[in-house]
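Overview (structure and organization)
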Amino acid sequence: MARKIELHESHPRYLSLLAREKLVTGFQRGLVASEGLIAHGRGECFDYLLGECTTDSARAAINVASATLLLARYPVISINGNVTALCVDQICGLNRSLENSSVEINLFYYTKEREKLISEEFKKYGLTRIFGIDSKNLVSIPELESNRRLVDRDGISNADVVFVPLEDGDRTIALKRMNKKVITVDLNPLSRTALSADITIVDNIVRVIPQLIKCVEFHRKHSSENDLKDLIESFDNSDGLKKALEVMKSKQVPFQ
Ligand code: ATP
């Protein structure tokens with residue numbers, strides 16, 4: 001039976017509850033795998049420790065990610081069920097603002113039906129072409145087991161930069177082996193994805209994408225190619241991960 005939950009903006013954890021509700025609704029609609037709910041719970045835990053806000057080091061990573069996406073020959077955004085449930089509209093907005101990018105579906109817990117539902121959801125938000133769904137166009141990532149080794153010939157396989165929010169480690173490492181530049185969003189600074197990506201944004205994806213779009217639009221107007229290259233060269237991903245962990249460790253017990 002469908003539940004009716006009333007969420008009030010005055011609730012101190014309103015945004016977190018809203019995200020949770022989006023995941024549950026996405027699960028009921030068949031967009032999110034049951035395992036996706038568990039992954040979200042893990043993310044919530046790290047977000048709690050971060051204080052549910054964008055830290056300075058995450059802001060710096062978002063800035064460098066925008067520069068990298070703008071300089072890319074062909075950036076591809078890889079999406080899954082959780083990303084769809086949480087921010088389908090923002091991902092479509094990011095794709096529009098990048099102008100030369102594509103969106104590709106990649107599901108860890110693959111079913112044809114879920115793939116179809118996700119692709120229809122993106123079409124509702126104005127995306128006309130989505131990669132990863134035409135079996136004739138799929139090629140294998142070397143050395144990766146499971147159906148997730150498949151990528152689209154005209155999507156990720158051809159990309160120089162791949163944006164893979166909420167990704168699992170094996171695939172991130174496999175994409176790195178294919179010489180892709182990998183940008184991720186992961187609230188866990190210790191995950192294999194966070195450790196192996198070129199740019200890790202340790203923040204909640206619902207906060208990241210709107211800021212990423214703003215940075216893309218800002219740099220497109222105000223920054224030269226050399227400005228963007230300088231930004232990228234001065235970035236140290238492991239430093240950002242250490243700073244995220246420091247923020248988490250610095251939380252104090254709020255009583256004596
Ligand atoms: P890895 O294989 O990289 O070591 P893992 O096995 O934890 O990581 P998954 O469970 O596939 O990988 O990944 C989900 C990751 O996404 C988790 O690290 C979780 O913290 C993170 N995550 C979940 N929800 C969000 C969110 N809303 N925003 C950002 N990150 C999130």
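The sections below set out a description of the structure shown in this document. In this text, all values refer to a predicted model and were calculated from it rather than measured experimentally. The numbering scheme is per chain: residues are counted from 1 as the chain's sequence reads. In keeping with the predicted nature of the model, local features appear solely for residues at pLDDT of at least 70, side-chain atom pairs appear and are counted solely at 80 or more, and the whole-chain, interface and lining totals rest on all residues. Hydrogens and water molecules were not included; the side-chain quantities draw on all heavy atoms of the structure.

1. A short note on the overall build of the chain
- Along its length, the chain carries 10 helices and 7 strands.
- Two things to know: the radius of gyration comes from C-alpha atoms, and the globule rule equals 2.2 Å times the number of residues to the power 0.38. Against the 2.2 N^0.38 benchmark of 18 Å for 256 residues, the chain shows a C-alpha radius of gyration of 18 Å, consistent with a compact globule.
- A principal-axis box enclosing the C-alpha atoms of the chain has dimensions of 60 × 55 × 35 Å.
- Type-normalised accessible area, obtained with a 1.4 Å probe on protein chains alone, sets the label of each residue: buried when under 20%, exposed when over 50%, and partly exposed for intermediate values. Within the span of the chain, comprising 256 residues, buried residues form 49% of the whole.
- By definition, residues are in contact when any of their heavy atoms lie within 4.5 Å. Of the contacts formed within the chain by residues at least 6 apart in sequence, a portion of 65% connects residues at least 24 apart.
- Approximately 13400 Å² of the chain is accessible, and the part contributed by carbon and sulfur atoms is 53%.
- Taken as two groups, the 35 positive and 35 negative side-chain charges of the chain have centres that lie 2 Å from each other. Each helix is a run of H or I in the DSSP string that is no shorter than four residues. Each strand is a run of E no shorter than two, and both are numbered from the N terminus. For every accessible area listed, the method is Shrake-Rupley and the probe measures 1.4 Å; residues are considered covered only by the protein chains on display. When charges are counted, neither His nor the chain ends are considered; positive counts come from Lys and Arg and negative counts from Asp and Glu. A single reference atom marks each charge: NZ on Lys, CZ on Arg, CG on Asp, CD on Glu.

2. Side note on the side chain of Asn106
- Here Asn106 lies in the loop between strand E2 (102-105) and helix H5 (112-124).
- The exposure class of Asn106 is buried, given its relative accessible area of 6%.
- Any N or O atom pair separated by 3.5 Å or less is treated as a polar contact, with the protein-specific requirement of one donor-capable and one acceptor-capable atom, and with residues adjacent in sequence counted only for side-chain atom pairs. Within the local environment of Asn106, its side chain forms a polar contact with the backbone oxygen of Leu150, the two atoms lying 3.5 Å apart.

3. Here's the deal with helix H4 (residues 81-98)
- One fewer than the residue count of a helix, multiplied by 1.5 Å, yields its expected span. Under the 1.5 Å per step criterion, the end-to-end length of H4 is only 22 Å for 18 residues, more than 12% shorter than the ideal 26 Å.
- One fitted axis covers the seven residues ending at a residue, a second covers the seven starting there, and the bend at that residue is the angle between these axes. Approximately 95 degrees is the largest bend angle found in H4, and it occurs at Cys87.
- Its side-chain oxygen at 3.2 Å from the backbone nitrogen of Asn82, Asn80 defines the N-terminal cap of H4.
- Following H4 by one or two positions, Glu99 has its phi on the positive side, about 75 degrees.

4. Re the packing of H4 against H5
- Comment: axis = line fitted to C-alpha atoms, over the contacting stretch for helices; angle = value between 0 and 180 degrees taken between N-to-C directions. Close contact between H4 and H5 brings their axes to 10 Å; oriented N to C, the two are set at 20 degrees. By the angle class used here, H4 and H5 are roughly parallel. Two packed elements cross with a definite hand, and for H4 against H5 that hand is right-handed. On H5, the residues that touch Gly81, Thr84, Val88, Ile91 and Cys92 of H4 are Arg114, Ile118, Glu121 and Phe122. Reported orientations rely on four angle classes, namely roughly parallel under 35 degrees, roughly antiparallel over 145, roughly perpendicular from 65 to 115, and oblique for the rest. Left-handed describes a crossing in which the near helix is turned anticlockwise from the far one by less than a right angle; the clockwise case is right-handed.

5. Details of the sheet that holds E2
- Two strands form a pair only when DSSP identifies at least two bridges running between them. Taken in spatial order, the 5 strands make up an open sheet running E2-E1-E5-E6-E7, and their pairing is parallel. With one partner strand each, in any of the chains shown, E2 and strand E7 (199-201) form the two edges of the open sheet. In this sheet, neighbouring strand axes are inclined to one another by 20 degrees on average, regardless of whether the strands run parallel or antiparallel.

6. A word on the packing of aromatic side chains
- Stacked, edge-to-face and tilted labels apply to pairs of Phe, Tyr and Trp rings (six-membered ring for Trp) whose centres lie within 6.5 Å, assigned for plane angles under 30 degrees, over 60, and everything in between, in that order. If you walk through the whole model with that rule in mind, you get 1 aromatic pair.
- Relative to Tyr109, the ring of Phe108 has its centre 4.8 Å away and its plane inclined at 55 degrees; by these criteria the two rings are tilted.
- What makes Tyr109 partly exposed here is its relative accessible area of 38%.

7. A look at the environment of Lys136
- With respect to the helices and strands, the residue Lys136 is situated in the loop between H5 and strand E3 (138-140).
- Residue classification places Lys136 among the exposed positions, given a relative accessible area of 70%.
- Along the primary structure Lys136 and Ser196 are separated by 60 residues, whereas in three dimensions their C-alpha atoms are 30 Å apart.

8. Considering the site of the ligand
- Around the ligand, the surrounding shell holds 19 residues, and the nearest of these are Arg42, Gly169, Asp186, Arg192 and Thr193.
- In the environment of the ligand, an oxygen atom lies 2.8 Å from a nitrogen or oxygen atom belonging to the side chain of Asp186.
- With respect to the ligand, the side chain of Thr193 contributes an N or O atom lying 2.8 Å from an oxygen atom.
- Elements that contribute at least two residues to the shell around the ligand include exactly helix H2 (34-50) and helix H7 (192-196).
- With 4 residues, the top contributor of residues to the shell around the ligand is H2.
- Polarity classes work like this: nonpolar for Ala, Val, Leu, Ile, Met, Phe, Trp, Tyr, Cys and Pro, charged for Asp, Glu, Lys and Arg, and polar for all others, with Gly in that last group. For the shell around the ligand, the class distribution of residues is 6 nonpolar, 7 polar and 6 charged. A molecule or strand has a residue near it when one of that residue's heavy atoms lies within 4 Å.

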